[in-house]
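Residue strings, one per chain:
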Amino acid sequence: MAYTPASDMDLCEIIAVIPSAGRAARITPLPCSKEIFPLGLAHLDKAGGVRPKVVCHYLLEKMRLGGAKKAFIILRHGKWDIPEYCGSGSFVDMNLAYLLVESSLGPPHSVDQAFPFVQHARVVFGFPDILFQPDDVFIHLLEKHKTTRADVVLGLFPTRDYRQMDMVQTEEDGRVVAIDLKPDRTDLRFAWICAAWSTAFTRFMHDYLQGGPMVKDAAFRDVADKEASSVEEMSVGHVLKAGLQHGLHIQSVTISTGSYIDIGTPHGLRKALQTVLSEGTSVSS
């Protein structure tokens, strides 16, 4: 099911969306927002030496490499240190803008804050507290998006920590057939870490959260509401799963040799810090 003509896809601007309204409850207290926690060193230029490299810098670099020249970072009250540090985005050759969410029931509501600004764009999406490799992931996601005309393309990474991740089942061509949210047990090996999506999914997410015309079907709404009400905080995975149930075309790129570190957990933060100490410059996970 597609809501944007395939011929229009190539004309859409690529814009990054980064939810940063969380409270970092698993690793508090912190001296700053976790998105700008220093992890490594970045080279300024040939003559400028190095500077501390913060967590969100890694994600922004990958999004810029994928073709995004603009990014919306969604904040809540009190996280003013993020725009204070990141500023205009010149350090990653991007134009950054900041949106404020008054209250959020989870990352999808934060992402939807950008709806008026990205509803006609292709979106690249990632979590600023998850470091991953390789650097060219978004290039591959957008290429798959272009060739398959999918509504969403997910970047899949191998994981053993399936109880904390959304596990994804695919067909041989990469088409997603099921998403299992933080299962207690599973035979699936790959979790989604990042994504690229079309205007169709941006609209679907907006309507799903706001009760718009795309999700008025009573049977679908009953299933969606029941699933959403069973958790304390809705995740982007819930919306992806709902989109799959609604008939959206979701594809994937499996990064079999890829790796990631979630610095939003004590274990992940410790691993990232150990990597910095061992490598001396930046985190390659």
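About the cut-offs
Each chain carries its own residue numbering, running from 1 in the direction its sequence is written. The model is predicted, so local features are restricted to residues of pLDDT at least 70 and side-chain atom pairs to those at 80 or more, both for listing and for counting; the totals for chains, interfaces and linings are taken over all residues. Derived side-chain values reflect all non-hydrogen atoms in the structure, with water molecules and hydrogen atoms excluded from consideration. The way it works is that DSSP assigns letters per residue, a run of H or I at least four long becomes a helix, a run of E at least two long becomes a strand, and they are numbered from the N terminus. The contact criterion used is simple: two residues touch if any of their non-hydrogen atoms lie within 4.5 Å. Accessible surface area values rest on a Shrake-Rupley calculation with a 1.4 Å probe, where residue burial reflects the displayed protein chains alone. Between buried and exposed lies partly exposed: a residue is buried under 20% and exposed over 50% of the maximum accessible area for its type, with that area taken using a 1.4 Å probe on protein chains only. As a per-residue measure, pLDDT reflects the predictor's confidence and takes values from 0 up to 100. Multiplying 1.5 Å by the residue count of a helix minus one yields the expected span of that helix. The arc in question is the one spanned by the directions pointing from the helix axis to the C-beta atoms. We call Phe, Tyr and Trp rings a pair once their centres come within 6.5 Å, taking the six-membered ring for Trp, and we label the pair stacked below 30 degrees between planes, edge-to-face above 60, and tilted otherwise. Over a ring means this: the NZ of a Lys or the CZ of an Arg is within 6 Å of the ring centre and within 35 degrees of the ring normal. For the purposes of this section, nonpolar cores are sets of buried Ala, Val, Leu, Ile, Met, Phe, Trp, Tyr and Cys residues that join through side-chain atoms within 4.5 Å. Between N-to-C directions, angles span 0 to 180 degrees; the directions come from axes that are lines fitted to C-alpha atoms, helices contributing only their stretch in contact. In what follows, roughly perpendicular refers to angles from 65 to 115 degrees, roughly parallel to angles under 35, roughly antiparallel to angles over 145, and oblique to any angle outside these ranges. Three classes are used, and their members are as follows: Ala, Val, Leu, Ile, Met, Phe, Trp, Tyr, Cys and Pro are nonpolar, Asp, Glu, Lys and Arg are charged, and the others, Gly among them, are polar. Put simply, a salt bridge is a Lys or Arg side-chain nitrogen that is within 4 Å of an Asp or Glu carboxyl oxygen.

Caption draft 1: Fine view of the overall build of the protein chain. For the protein chain, the helix and strand inventory stands at nine helices and 13 strands. The long-range share in the protein chain, meaning contacts at least 24 apart out of those at least 6 apart in sequence, stands at 72%. Summing over all exposed atoms, the protein chain offers an accessible surface of approximately 13400 Å²; the carbon and sulfur share of this is 51%.

Caption draft 2: Summary view of helix α1 (residues 55–65). Counting buried positions over the 11 residues of α1 gives eight, a clear majority of the element. Here α1 has its buried residues at Val 55, Cys 56, His 57, Tyr 58, Leu 59, Leu 60, Lys 62 and Met 63.

Caption draft 3: Molecular detail of the confidence of the model for the protein chain. Per-residue confidence for the protein chain averages 89 on the pLDDT scale, and 85% of its residues sit at or above 70. Note on residues 1–7: pLDDT is under 50 here. Beyond four places in sequence and across chains, it has 13 contacts.

Caption draft 4: Region of the structure containing helix α5 (residues 137–148). Between its first and last C-alpha, α5 extends 17 Å over 12 residues, near the 16 Å set by a 1.5 Å rise per residue. Within the sequence span of α5, burial applies to Val 137, Phe 138, Leu 141, Leu 142, Lys 144 and His 145. Along the axis of α5, the buried positions cluster into a sector of 160 degrees, meaning they face one direction only. Looking one or two residues beyond α5, the residue adopting positive phi is Arg 149, at roughly 55 degrees.

Caption draft 5: The arrangement of the packing of aromatic side chains in detail. As enumerated under the stated definition, the model contains 11 aromatic pairs in all. Summarising the aromatic geometry, the rings of Phe 132 and Phe 157 are spaced 5.7 Å apart at their centres and angled 65 degrees between planes, so their arrangement reads as edge-to-face. Taken together, the positions of Phe 132 in strand β7 (residues 130–133) and Phe 157 in strand β8 (residues 152–158) put the pair 25 residues apart, joining distant regions of the chain. Note on accessibility: Phe 132 and Phe 157 belong to one class, buried. Among the aromatic residues, those joined into a ring-pair cluster are Phe 125, Phe 127, Trp 192, Trp 197, Phe 201, Phe 204 and Tyr 208. Above the plane of the ring of Tyr 58 lies Lys 53, whose end atom (NZ or CZ) is 4.3 Å from the centre. Geometry around Phe 132 places Lys 62 over its ring, the cationic atom sitting 5.5 Å from the centre.

Caption draft 6: Spatial organisation of the nonpolar core. Judged by nonpolar contacts, the single largest core of 76 residues is most densely connected at Val 124, Phe 132, Leu 154, Trp 192, Trp 197 and Phe 201. For this core, the element with the highest residue contribution is strand β11 (residues 190–197), accounting for eight residues. Within the second largest apolar cluster, 10 residues are counted, among which are Leu 39, Tyr 58, Ile 263 and Ala 272.

Caption draft 7: Quick look at the packing of helix α6 (residues 199–210) against helix α8 (residues 236–246). Put simply, α6 and α8 touch, their axes get as near as 10 Å, and they point 105 degrees apart. In terms of their interaxial angle, α6 and α8 are classed as roughly perpendicular. Two secondary-structure elements touch here, α6 through Phe 201, Phe 204, Met 205 and Tyr 208 and α8 through Val 236, His 238, Val 239, Leu 240, Ala 242, Gly 243 and His 246. Of the residues assigned to the contact of α6 with α8, the class counts are eight nonpolar, three polar and no charged.

Caption draft 8: Examining the environment of Thr 199 more closely. Mapped onto the fold, Thr 199 is located in helix α6. The class for Thr 199 is buried, based on a relative accessible area of 9%. Residues Thr 199 and Val 123, spaced 76 residues apart in sequence, show a C-alpha to C-alpha distance of 7.9 Å.

Caption draft 9: Seen up close, the pattern of salt bridges. For the coordinates displayed, the defined rule picks out eight salt bridges. The residue Glu 35 makes a salt bridge to Lys 79 at a minimum N-O spacing of 3.0 Å. In this pair, Glu 35 sits in the loop between β1 (14–19) and β2 (38–45) while Lys 79 sits in the loop between β4 (70–75) and α2 (81–86), placing the two residues 44 residues apart along the sequence. You'll find Glu 35 and Lys 79 in the same group, each marked buried. The partner of Glu 61 in a salt bridge is Lys 53, with the nearest N and O atoms 2.8 Å apart.

Caption draft 10: Just the environment of Leu 273, in detail. Looking at the secondary structure, you find Leu 273 in helix α9 (residues 266–279). Distance in space between the C-alpha atoms of Leu 273 and Pro 38 is 9.4 Å, their sequence separation being 235 residues. With near-sequence residues (within four places) excluded, Leu 273 lies in contact with Phe 37 and Leu 39.

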